Amino acid sequence: MKKMPAIIAVFLITVMASSAFSATMDSKVRSVPAPTAELVFKKPKDGLPQVVKHLTANASSNSAKVKAMHDWICDNIAYDTDMYFSGRVIKQDYESVLKKKKGVCSGYASLMNEMCRLAGIESIGIHGYSKGFGYRGKLDKTDHEWNAVNLGNKWQLIDVCWDAGYVEYKTFIKHYSTEWLYRTPEQFIYSHLPEKDEFQYLKEKKTKEQFVKDPYIAGRFFDYGLALGKVAPNYFNEIEGETLFDFKLNKTGVSVISDLYECDKTESSIQVVQNAIWTDRIGSKITVNVDVPNQRQHRVYLYARNKSEVKNPDKFYIAEFEQKILPQAQQLVEQKKATQNECDFLANAYFKVQENGCYYLAEDLFAYPRNNAVTKILKLLDENTGSFENVFYFEVKAADGYKGFGDGVVKYPTAYRSYNETSNTHVISPIAGILQSGSTQRFEVESQDFTGIGIVVDGSIVPFAKNGNKFELETEIPTDIDTLAVYGSRNGKNYTGLWFYKVE
């Protein structure tokens, strides 16, 4: 999905609504014989053994069997938002879940347990605490359930509920993932804490106090090759001004950015704070500079994506979809770049949720003609060139005595995507959002990504002096501009925007 909008409400079964890594669903989930597929939802006791037999036939291992059953649940069971938000959770046995085709976390877990039992695989449900919907750094009571399955005398952790999709506001959005399938205990523990220590499957058990202290870390954080650095944030952090946190990035081809949001007391909405955070990457080190404008509660989100990945957006705002995407798609038909059938596929692939203000992709991983048409049109419209996934978050607040840098103040520059995708470019100075027109400013940048760095003045590139990997320029800030952008070049001829300052 695209970066989170400026205003969003509580939206989680898991914290992240999207899975940036493509996962392949087992094709057996859609080849269950029609009579069996119908029977299992009417008479679960009679139908489920037949479904399990079909899913596990000729499987290469018990691990593959569990994967197929996990996928079938994700494809067929929706999260019961009505029940969850009613505050009264009832009938989460596997039969009730199948008859309704809906369940909450305990229902997903009970269905997985029964399917594993029928397949001759040991599985248990684990009750515990999670950093999912409604979590604000306190453990009042257990709020979640997931599974552990015994494969080769080793217990593997699975959260089918979180892999089935996500909730945005009060709407369940189907979105298949394998993010929480066989995640290691060392990674699982940042988001799931069993009520009983034995089910952590860790040599050194984590206490409730440490679980609360730790930041939220999504499973995909580790898939991107990210790790905590030397100055890692806690879940709650009090700061007295600009504060630096760092992370390690052990994979190439990954881009990382961050944003700061202001949360209201009930977390019914959070509002982005513009230019209040700055992210740099030098080799394998990611640094995040963050400050807060006032004494209210704030949250930092870290996002990642594979630079080469192309994926269709999970959602569009209603006005954007109706007034931009669909009309432009129709223009492609008129230009004979797409067919009317392909345009219709796009229109029908997204469903409207008025109260959320969005159109969401109606996921069907096996609707190949539709999916190919959507990808083709959105690629022509340059709408599926890559999206960032939320993989980490923590909260920050001004410490006593610090009032913040001020509401409405532009604290840091604005980075372009091209800067976020660099691997070894570091702004030394100025790391400021606003430059004073007419003032003399010294620019310093370290970079191994570009052979040339410069700014544009009167329509021409003014290059920085190069000394090894350092680029420097001392110049007067023009008085007739509103913004000043810094550009980079890899060949000395073509320049691309990296970041810009506001000029006042």
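Residues numbered from 1 in each chain as written. Predicted model: local features only at pLDDT ≥ 70, side-chain atom pairs only at ≥ 80, totals over all residues. Heavy atoms only, no water.

## Regarding the pairing of strand β6 (residues 154-158)
Cut-off, in case you're wondering: In short, DSSP must find at least two bridges between two strands for them to pair. Only DSSP runs of H or I covering at least 4 residues are called helices, and only runs of E covering at least 2 are called strands; the numbering of each starts at the N terminus.
Two strands pair when backbone bridges link them, and strand β5 (residues 144-151) and β6 are joined in this way by five bridges, in the antiparallel orientation. Bridging across to β6, Val-149 finds its partner in Gln-156. Sheet topology places β6 next to strand β9 (residues 181-183); two bridges connect them, and they run antiparallel. Among the inter-strand pairings, Ile-158 is bridged to a residue of β9, identified as Leu-181.

## What to know about the sheet that holds strand β27 (residues 440-447)
This is how it is decided: Axis lines are fitted to C-alpha atoms, over the contacting stretch for helices. Their N-to-C directions set the angle, which ranges from 0 to 180 degrees.
The antiparallel open sheet is built from eight strands, whose spatial order is β12-β14-β18-β17-β25-β27-β31-β30. The sheet is open, and its two borders are formed by β12 (226-228) and β30 (465-467), each paired with just one other strand. Ignoring which end each strand starts from, the neighbouring axes of this sheet average 30° apart. Bridge count between strand β17 (residues 277-282) and strand β18 (residues 285-290): six bridges; the pairing is antiparallel. Bridging from a neighbouring strand, Thr-279 pairs with Val-288 of β18.

## Things to note about empty space enclosed by the protein
If you roll a probe as big as a water molecule over the atoms, it shows you where there is empty space left. The following threshold applies: Definitions used for this entry: grid spacing 1 Å over protein atoms alone; cavity, a set of points where a 1.4 Å probe fits but cannot get out; pocket, an open set with protein on both sides within 12 Å along at least 5 of 7 lines; lining residue, one with an atom within 4 Å of a point. Grid points are joined across faces, edges and corners, and a volume is the space filled by probe spheres set on the points. When residue character is reported, Ala, Val, Leu, Ile, Met, Phe, Trp, Tyr, Cys and Pro are called nonpolar, Asp, Glu, Lys and Arg charged, and the others, Gly included, polar.
Within the structure shown, the criterion is met by six cavities of 30 Å³ or more. By volume, the second largest cavity is sized at about 60 Å³. Taken together, Val-256, Thr-279, Asp-280, Arg-281, Tyr-419, Asn-420 and Thr-422 make up the lining of the second largest cavity. Listing elements by their share of the lining of the second largest cavity, those giving two or more residues are β17 and α14 (417-420). The element that contributes the greatest number of residues to the lining of the second largest cavity is β17, accounting for three residues. Taken together, the residues of the lining of the second largest cavity break down into two nonpolar, three polar and two charged.

## Re the packing of helix α11 (residues 318-334) against helix α12 (residues 340-349)
Pairs of packed helices are described in terms of their axes, by the angle between the two and the distance that separates them. Stated precisely, the cut-off is as follows: Angle categories: roughly parallel below 35 degrees, roughly antiparallel above 145, roughly perpendicular from 65 to 115, and oblique for all the rest. For any pair of crossing helices, the crossing counts as left-handed if the nearer helix is rotated counterclockwise from the farther one by less than a right angle, and right-handed if it is rotated clockwise. We call two residues in contact whenever any of their non-hydrogen atoms come within 4.5 Å of each other.
Put simply, α11 and α12 touch, their axes get as near as 9 Å, and they point 165° apart. It follows that α11 is roughly antiparallel to α12 by the angle criterion. Between α11 and α12 lies a crossing of right-handed hand. Taking contact as the criterion, the partners of Phe-321, Ile-325, Leu-326, Ala-329, Gln-330 and Val-333 in α11 are, on α12, Gln-340, Cys-343, Leu-346 and Ala-347. A breakdown of the residues in the contact of α11 with α12 according to their chemical character gives eight nonpolar, two polar and no charged.

## Overview of the pattern of salt bridges
Definition in use: Any Lys or Arg side-chain nitrogen found within 4 Å of a carboxyl oxygen on Asp or Glu counts as a salt bridge. Note on exposure labels: buried denotes an accessible area under 20% of the residue type's maximum, exposed denotes more than 50%, and partly exposed covers the range between, all computed with a 1.4 Å probe on protein chains only.
Throughout the structure, instances matching the rule amount to 24 salt bridges. With a closest N to O distance of 2.8 Å, Arg-220 and Asp-223 form a salt bridge. Remark: Asp-223 and Arg-220 occur in helix α10 (residues 219-223); sequence separation between them is three residues, near one turn of the helix. A salt bridge links Lys-411 to Asp-291; the nearest nitrogen and oxygen atoms lie 3.2 Å apart. On the criterion of sequence distance, the pair formed by Lys-411 in the loop between β23 (389-398) and β24 (414-415) and Asp-291 in the loop between β18 and β19 (298-306) is long-range, its members being 120 residues apart. Residue classification places Asp-291 among the buried positions, given a relative accessible area of 1%. One salt-bridge network, held together by shared partners, links Arg-442, Glu-444, Lys-470, Glu-472 and Glu-474.

Interpretation note: all reported values are geometric properties and have no functional meaning in isolation.
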